[in-house]
There are 2 protein chains.
Amino acid sequence: MRLSCENTVLRSIRPSEEERMIIRAVADEIICEVNKSGIATGMVVGSVARDTWVSGDKDLDIFMLFSPEVSREELEEKGLGLARQISKTFSGVFVEKYAEHPYINANIRGFDIDLVPCYAVESASMIKSAVDRTPFHTRYIKEKISGHTDDVLLLKQFSKACGVYGSDQMTEGFAGYLCELLICYYGGFTELLEEASKWRPGIVIDIEKHQAKELTEPLVVIDPVDPCRNVAASLSATRMCEFAEFARGYLKNPSEIYFEAPVSKEISSEDFKTMIEDRGSSFYAVVFKTPGLIPDIVVPQLRRSAIGINGLLERNGFVVNRFDCSMKEENCMILYELLVDQLPNVEKREGPPVWNAENSDKFLKKHIGNTFAGPYIENERYYVEIERKYPDVYSILLSGEILSSGLGKHVRKSIENEMNIYKDEECWSKEFSDFLGDFVMKKSPLIERMMKQTESLNFQT
Amino acid sequence: MRLSCENTVLRSIRPSEEERMIIRAVADEIICEVNKSGIATGMVVGSVARDTWVSGDKDLDIFMLFSPEVSREELEEKGLGLARQISKTFSGVFVEKYAEHPYINANIRGFDIDLVPCYAVESASMIKSAVDRTPFHTRYIKEKISGHTDDVLLLKQFSKACGVYGSDQMTEGFAGYLCELLICYYGGFTELLEEASKWRPGIVIDIEKHQAKELTEPLVVIDPVDPCRNVAASLSATRMCEFAEFARGYLKNPSEIYFEAPVSKEISSEDFKTMIEDRGSSFYAVVFKTPGLIPDIVVPQLRRSAIGINGLLERNGFVVNRFDCSMKEENCMILYELLVDQLPNVEKREGPPVWNAENSDKFLKKHIGNTFAGPYIENERYYVEIERKYPDVYSILLSGEILSSGLGKHVRKSIENEMNIYKDEECWSKEFSDFLGDFVMKKSPLIERMMKQTESLNFQT
C-alpha cells in the first residue's frame, strides 16, 4: 500500500512514457553504432537500463564490451577511439575522463553520456578492472527488480532529501546500486524504512549468502556478484544513522517534506557575526584557491588536510569544538571553531617512564634547570612544565608546521602558493555563506524537517 | 664496603651505646611493671626491639600480650586499665588513642611511648586483630636482621631524605617494617639500591614463597608472617618511582646530600605572584577550617575532596593542569591550577546513540528548537550545542554542586560552615607559603639534589 504522499511524489519523479521513449531511442542509436564497429558490443547500464532513474535525470551510461583477449593497451586505445568517433558522429562535444581507466563523457541530444570501454568477462569473478563489474550489476538488478522500480525511485528521492544519496567522498552516502539492492533485500520502500529505522552500525546483509571476507564498515552489503566486496563501503556511520533517524521520523509523520531537496541555510554577514558572538567561541578559517581538479580528487585531500590541521591544533593543546571544509568554484575553506584561542605560557609535557633509564637520562639532561616546574614524577612517568611553543591559534596557523601537518598534495601546493587566515566575522564571504550557515546552524536532516513541520503547523493554527 | 659518605651518615644516625642503654632501661622498667601485673606479658616491639632506630628517635612501642582466652571487652578494659596505671606510676602524662582497638600513648622520661594491649596468639595465622601481628614481625626481623642493622639505618635515612618514608596517607611511602624486609631480601643497602634503581611498577617480592593471593599494587612484598598481606600496599607508584630515581642518582654520584632532610620551598607573596604571572595560568584555592581530628582521618578525606572537586571542574569542561591539597594547623587548602578559567557560552553535549529510539526521542524533545546548533549526528550519536551552565570557574566553585562532588564527611561539614575561594595571588598566605612554593616549583627528589649538587660545584669553581 502506497501512502498518498508517496503517490504524489511518484507522480513527479516517475519518468513519463515519452521520457522513456526518448532516452531509449538515444541509447539504441548509440548501441547500434558500437555494434556496427565490429570490435565491441554496446550495453546500457546504470539506472536507465534498470528502469530506476528519476524523471529529469539526464545521465546515460553506455558500456562497450571488448573481448578479454584484447590487451589492456589495445582496449584503451580502441575503446577511446570508438567512443570519440561515436561522440563526433552525434555531436562533437566530449571530454576524456579517468576512473580506473579512461572513458569518454559526451553531450549527445541533451544527455550526459559516459562511453566506457570494458571487458566482456564470463563471470564477475574474472573481472580485470572495477568497471567490468558494472554489466553484472545491471544484469543482476534487472532480473530482481521487476515490480519494485517505484520503490527504488522513492528510496532515491528520499535519500536525496536526507542528503545521503551518493557514494562520493563529500557525501559518503548511498550509491544507486546500493539503493536497488536494499529494495531487493527488504522487498519494498516501506519494509526497508521499517528495518532501517532500527539500524545501528554493524548490520550485515548478504543476499547471496556468499560473504568471503570479514568486513567492519558500519553497513556491510555483500555484492551479489562479488563475495569480497562491500557495496556500502563508502557509507559513513554518520550518514547511516542520519538515514535511520530520517526513516524513523517519516514513519511517524509521513509527509512530502521528506522527499523535498534540503535547503541550504545561507547566512548573511550580520547574522553570522551575531551568531558567533552569541556562541562566544573563536572561529578560524584557512582559505586558499581551489586546485584545478575534479571534486573526487580535491575533496578527499581537503578532508585529509582539515583532519591534519585539526591534529596540529590539538597537539598544541587547543580544543576544537567542530571543524569542516568546503570546496567552491574559486576557493576552498577549512573552518575551525575553538573553545579558546589563547592558552597560558605554561605547558605540561609528558616524559618517559622513570624505569626507562636511558630515555629518562636524556629527558633530565634536556630539561633540568630550565622549566617552570619539574621534572617531577606522577605515577611512573616524568613530567615537566615548560614554556608553550604556540600560546595562540594564529601563531600555529601562520607557522610552517601547517605544511607538514598531513595536507593533501594539491591542497598543499595551493596553500604554499597563497593562504589567508580569517578570524571570527572575517571568515564570512558570499562564496561560503551557505557553508557557514550550515555550520553554525548545523542540524540533522530529520530535525530540519521536524522544525519545518512544526512551523507549518504553527502557521495553520 | 661502605662508601665514606655512608660512614659519615652512620656516625650521626647510629644510636650511641649510652642512648641504647637509656632506652633499654626505660623499656625494661615498663615491661617489668607489665609482667608484675600477672595478667599480661610485656614485649618491646618496633625499631627499638630490632635495633633499627635512628639516633634521636624518641618512639618506644611496648605491647602487653594477653591470653587469647580473654574476651575482647576484657582485653580492652584490662589492657587500658593496666596501661593507665603504668603511665601514672611513671609520669601521669598520657592520652587514650584508637587504631583498630584502643591504646595508651604516654610520655615517660622524655620518650613517646605507646602501650598497646594485644593477644598472644600461637601463630600469625590465628591473629584476632591487626596489632596481634606486630609481635610476629618483631620476632621475624630480630632473627633475620643481625649484621644488617646499619643497612636499615641508612635506608631509613635515605627514604626520609627522598620524602618517601612513612606508610601514612599523606606520604604513601615506605613503612619501617618494609625497609627492614627489603634489606633482608636484597642483603644490604647498596644491593637494594642497585635493584631498586631498575624497579618499575609490577615488582613482586615473596621472601617466604607463600603468596596466597593475586595482588596488583605497584610493589608487592608478601608479609613473611601473613601470605595474604602486602606490606607495601600503601606505597604509591609515584613514591616507588621517586625512590627508584633517587637510588639511581645516588649510585651515580654518591653524596651525603642524599641523606639530608628535604627543604621545603617556602615562597614569599611577591615571588608567588611573579611566578604565577609567568606561568600565565589561573590558580584557585578552596580554603576552610581544619576539622578537629587526627591527620590520618582528615588527610584521606582531603584527598578525596580534592579529586571530587577536580571531577566537577573537568565535567564542566575546564582543564586542570595540576591540583594538590594541604592540611595545616588552622586551615586546609585545596589548590587548582587551570589552563583557562573562562569558557565560551556554547557547550557541545553528547546525546544518546541514534539507534536507541527511546532515549533519542527524549533527547530530541528536550533540545529541539532551543540550541545554538543540533541536535545533529556524528558517527552514531546525537550531539547538541547549548548554553554552558558554568562559563567560569568561580561560578562552579560558588555553586552548591561542590557539596555533592564527593567530599569527605568532615571536610564537607567544615566547607558547609565556611569556605573561602581565592584566585591567583590571593591564594597566598603565610600558613601555606611552603605548600604553595612546593606546588609552583615542584621537582622530583632527585632533581632537587642534582640542582643542589650543581650549585655546590659551581660554588667551588
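Worth saying up front: this structure is predicted, and the values here are computed from it rather than measured. (Residues numbered from 1 in each chain as written. Chains lettered and ligands numbered in written order. Predicted model: local features only at pLDDT ≥ 70, side-chain atom pairs only at ≥ 80, totals over all residues. Heavy atoms only, no water.)

1. Regarding the overall build of chain A
Test applied: What counts as a helix is a DSSP run of H or I of at least four residues, what counts as a strand is a run of E of at least two, and both are numbered from the N terminus. Each residue is placed in one exposure class: buried if its accessible area under a 1.4 Å probe, protein chains only, is under 20% of its type's maximum, exposed if it is over 50%, and partly exposed if it falls in between. Note on areas: Shrake-Rupley with a 1.4 Å probe; residue coverage comes only from the protein chains shown. The positive count covers Lys and Arg only, the negative count covers Asp and Glu only, and His and the chain ends enter neither. Charged side chains are reduced to one point each, which is NZ for Lys, CZ for Arg, CG for Asp and CD for Glu.
Scanning chain A for helices and strands turns up 16 helices and 15 strands. Seen through its principal axes, chain A has C-alpha atoms that stretch 85 × 70 × 45 Å. Of all 461 residues assigned to chain A, the portion counted as buried reaches 51%. As displayed, chain A offers around 20700 Å² of accessible surface, 49% of which is attributable to carbon and sulfur atoms. In chain A, which carries 55 positive and 73 negative side-chain charges, the distance between the mean positions of the two groups comes to 2 Å.

2. Digging into the environment of Pro391 of chain B
All names here are of chain B. Stated precisely, the cut-off is as follows: Note on contacts: a residue pair qualifies if any of its non-hydrogen atoms lie within 4.5 Å across the two residues.
The residue Pro391 is located in the loop between β14 (381-387) and α13 (393-397) in this model. Using a relative accessible area of 25% as the deciding quantity, one classes Pro391 as partly exposed. Setting aside residues up to four positions removed in sequence, Pro391 forms contacts with Phe318, Asp341, Gln342 and Leu343.

3. So, the pattern of salt bridges
Side-chain pairs of opposite charge can arise whenever the charged atoms involved come near each other. For the record, the criterion: Salt bridge, as used here: a side-chain nitrogen of Lys or Arg that lies within 4 Å of a carboxyl oxygen of Asp or Glu.
Under the counting rule described, the total for this entry stands at 67 salt bridges over all chains. For Arg279 of chain A, the salt bridge is made with Glu337 of chain A, and the minimal N-O distance between the two is 2.8 Å. With Arg279 of chain A in helix α10 (residues 269-279) and Glu337 of chain A in strand β11 (residues 331-338), the pair connects residues that are 58 residues apart, well separated along the chain. Look at Arg279 of chain A and you get buried, because its relative accessible area is 1%. Among the residues examined, Glu337 of chain A registers a relative accessible area of 0% and is labelled buried. Arg133 of chain B is the salt-bridge partner of Asp226 of chain B, the closest N and O atoms lying 3.2 Å from each other. In this pair, Asp226 of chain B sits in strand β8 (residues 226-230) while Arg133 of chain B sits in the loop between β5 (111-119) and α5 (134-144), placing the two residues 93 residues apart along the sequence. Both residues of the pair, Asp226 of chain B and Arg133 of chain B, count as buried. Connected through salt bridges with shared partners, the residues Glu17, Arg20, Arg24 and Asp51 of chain A form a single ionic network.

4. A few points about the packing of aromatic side chains
Threshold: The pairing test for Phe, Tyr and Trp rings, Trp by its six-membered ring, is centres within 6.5 Å, and the orientation test on the planes gives stacked under 30 degrees, edge-to-face over 60, and tilted for anything in between. Counted as over-ring charges are cases with an Arg CZ or a Lys NZ within 6 Å of the ring centre that also lie within 35 degrees of the ring normal.
Throughout the structure, instances matching the rule amount to 44 aromatic pairs over all chains. Over the ring of Phe439 of chain B we find Arg322 of chain B, and its NZ or CZ is 4.5 Å from the ring centre.

5. As for the interface of chain A and chain B
The accessible area lost on association of the parts is a frequent measure of interface size. This is how the line gets drawn: Take the accessible area each of two parts loses on contact, using a 1.4 Å probe, and add the two losses: that sum is the buried area. Residues adjacent in sequence count toward polar contacts only when both atoms are side-chain atoms; beyond that, a polar contact is any pair of N or O atoms within 3.5 Å, and within protein one must be able to donate a hydrogen and the other to accept it. Charged means Asp, Glu, Lys or Arg here, nonpolar means Ala, Val, Leu, Ile, Met, Phe, Trp, Tyr, Cys or Pro, and polar covers whatever is left, Gly included.
On the chain B side, the residues contacting the 54 residues of chain A number 54 residues. Both faces considered, chain A and chain B share a buried interface measuring about 4500 Å² in area, 59% of it formed by carbon and sulfur atoms. Sorting the residues of chain A by area buried against chain B places Arg248, Arg279 and Trp355 of chain A first, and these three jointly supply 13% of that buried surface. Linking chain A with chain B are 6 salt bridges, by the criterion used here. Run the count over chain A and chain B and you get 28 residue pairs in polar contact (both at pLDDT 80 or more). With 7 residues, the top contributor of residues to the side of chain A that touches chain B is helix α9 (residues 237-252) of chain A. A class-by-class count of the residues in the side of chain A that touches chain B yields 26 nonpolar, 11 polar and 17 charged.

6. Here's the deal with the nonpolar core
Where we set the bar: Think of a nonpolar core as a cluster: buried Ala, Val, Leu, Ile, Met, Phe, Trp, Tyr and Cys residues, connected wherever their side-chain atoms sit within 4.5 Å.
Grouped together as the largest cluster of nonpolar side chains are 88 residues, with contacts concentrated most on Ile30 and Trp199 of chain B. Excluding residues that lie within four positions of it along the chain, Trp199 of chain B makes contacts with Trp355 of chain A together with Phe174, Leu182, Tyr186, Leu192, Leu219, Met240, Phe243 and Ala244 of chain B. Among the nonpolar cores identified, the runner-up in size contains 87 residues, and Leu115, Phe174, Phe259 and Ile447 of chain A belong to it.

7. Observations concerning the relation of the copies chain A and chain B
The cut-off we apply is this: Superposing copies: least-squares fit, C-alpha atoms only, residues required to have pLDDT of at least 70 in both.
Here chain A sits on chain B after a turn of 180° about the axis and a move of 0.1 Å along it, with an RMSD of 0.2 Å. Here the two chains are linked by the operation of a two-fold rotation axis. Taking the C-alpha atom as reference, chain A places Val340 of chain A closest to the rotation axis, 4.2 Å from it. When the interface residues of chain A are mapped onto chain B, 100% of them are again interface residues, pointing to one common binding face.

8. Regarding the UniProt feature "binding site: Mg(2+)" (unreviewed entry) in chain A
Residue and element names in this part refer to chain A. Where we set the bar: UniProt positions are given in the numbering used here, feature names are shortened, and annotations may be inferred rather than shown by experiment.
The sites that UniProt annotates as "binding site: Mg(2+)" (unreviewed entry) are Asp59, Asp61 and Asp114. The annotated residues occupy 56 residues of the chain but converge on a single region, no pair of C-alpha atoms lying more than 7.9 Å apart. By the element assignment, Asp59 lies in strand β2 (residues 59-66). With sequence-adjacent residues up to four places away left out, Asp59 is seen in contact with Ile23, Val48 and Asp112. Position of Asp61 among the secondary structure elements: in strand β2. Here Asp61 falls in the partly exposed class, since its relative accessible area comes to 25%. Among all residues touching Asp61, those that are not within four sequence positions of it are Met43, Val44, Val45, Gly46 and Asp114.

9. Comments concerning the sheet that holds strand β13 (residues 373-378) of chain A
All names here are of chain A. Cut-off, in case you're wondering: At least two DSSP bridges between two strands are required for those strands to pair. Interaxial angle, 0 to 180 degrees, is taken between N-to-C directions of lines fitted to C-alpha atoms, where a helix line uses only the stretch in contact.
Across the sheet, 3 strands lie side by side as β12-β14-β13; this open sheet has antiparallel pairing. Either end of the sheet is taken by a strand with one partner, and the two such strands are β12 (346-353) and β13. On average, each strand axis in the sheet is inclined to that of its neighbour by 25°, with strand direction left out of account. Relative to strand β14 (residues 381-387), β12 runs antiparallel, the two sharing 6 bridges.

10. Examining the state of the cysteines
Working definition: the covalent bond between the sulfur atoms of two cysteines is a disulfide. All names here are of chain B. Threshold: Cysteine sulfur atoms are paired as a disulfide whenever they come within 2.5 Å of each other.
Applying the stated criterion across every chain, the model contains 0 disulfides over all chains. Take Cys179: it sits in no disulfide, and the sulfur closest to it among the cysteines is that of Cys162, at 11 Å. The class for Cys179 is buried, based on a relative accessible area of 0%.

11. Details of the sheet that holds strand β2 (residues 59-66) of chain B
Residue and element names in this part refer to chain B. Strand order in this open sheet of 5 strands is β1-β2-β5-β4-β3, and the pairing throughout is mixed. Edge strands, defined here as strands with exactly one partner in the open sheet, are β1 (41-45) and β3 (94-98). The average undirected angle you get between the axes of adjacent strands in this sheet is 30°. Sheet strands touched by helix α4 (residues 72-90): β2, β3, β4 (102-108) and β5. Its angle to β4, the strand with the most contacts, is close to 5°.

12. Points about unusual backbone geometry
Residue and element names in this part refer to chain A. Omega for the peptide link from Gly374 to Pro375 comes to 0°, which places this bond in the cis form. Here Arg109, not a glycine, exhibits a phi torsion of approximately 50°, which is positive. Mapped onto the fold, Arg109 is located in the loop between β4 (102-108) and β5 (111-119). Since its relative accessible area comes to 51%, Arg109 is described here as exposed.

13. What to know about the pairing of β4 of chain A
All names here are of chain A. The buried fraction of β4 amounts to 6 of the 7 residues, a majority that puts the element mostly inside the structure. The sheet contact formed by strand β3 (residues 94-98) and β4 spans 5 bridges and is antiparallel. Among the inter-strand pairings, Val95 is bridged to a residue of β4, identified as Asn105. As defined by bridge partners, β4 adjoins β5 across 5 bridges and the pair is classed as antiparallel. Looking across to β5, one finds that Ile108 is bridged to Phe111. Where β4 folds back onto β5 in an antiparallel hairpin, the turn is made up of 2 residues, including Arg109, whose phi is positive at roughly 50°.

14. A look at the confidence of the model for chain A
Convention followed: pLDDT expresses how confident the predictor is about each individual residue, on a scale running from 0 to 100.
A residue-level look at chain A finds 98% of positions with pLDDT of 70 or above and a mean pLDDT of 93. For this predicted complex, the interface confidence score (ipTM) comes to 0.89, while the overall pTM stands at 0.83.

15. Re the side chain of Asp132 of chain A
All names here are of chain A. Its place among the elements puts Asp132 in the loop between β5 and α5 (134-144). Buried within the structure, Asp132 lacks any salt-bridge partner; its nearest side chain of opposite charge belongs to Arg72, at an N-O separation of 6.6 Å. Among the polar contacts listed, one links the side chain of Asp132 to the backbone nitrogen of Tyr119, at a separation of 2.9 Å. Not counting chain neighbours up to four residues away, the residues in contact with Asp132 comprise Cys118, Tyr119 and Ile127.

16. Focus on the pairing of strand β1 (residues 41-45) of chain A
Residue and element names in this part refer to chain A. Most of β1 is tucked away, with 4 of its 5 residues classed as buried. Here 5 bridges tie β1 to β2, and the two strands are oriented antiparallel to one another. Each bridged residue has a counterpart across the sheet, and for Thr41 the counterpart in β2 is Leu65.

17. Quick word on the side chain of Ser47 of chain A
Position of Ser47 of chain A among the secondary structure elements: in helix α3 (residues 46-50). Here Ser47 of chain A is in contact with Thr52, Trp53 and Lys156 of chain A, once residues within four sequence places are set aside.

18. What to know about helix α9 (residues 237-252) of chain B
This is how the line gets drawn: One fewer than the residue count of a helix, multiplied by 1.5 Å, yields its expected span.
Taking 1.5 Å of rise per residue, the 16 residues of α9 of chain B would be expected to cover 22 Å, and the 23 Å separating its terminal C-alpha atoms lies within 8% of that figure. With respect to burial, α9 of chain B is a largely interior element, 14 of its 16 residues being buried.

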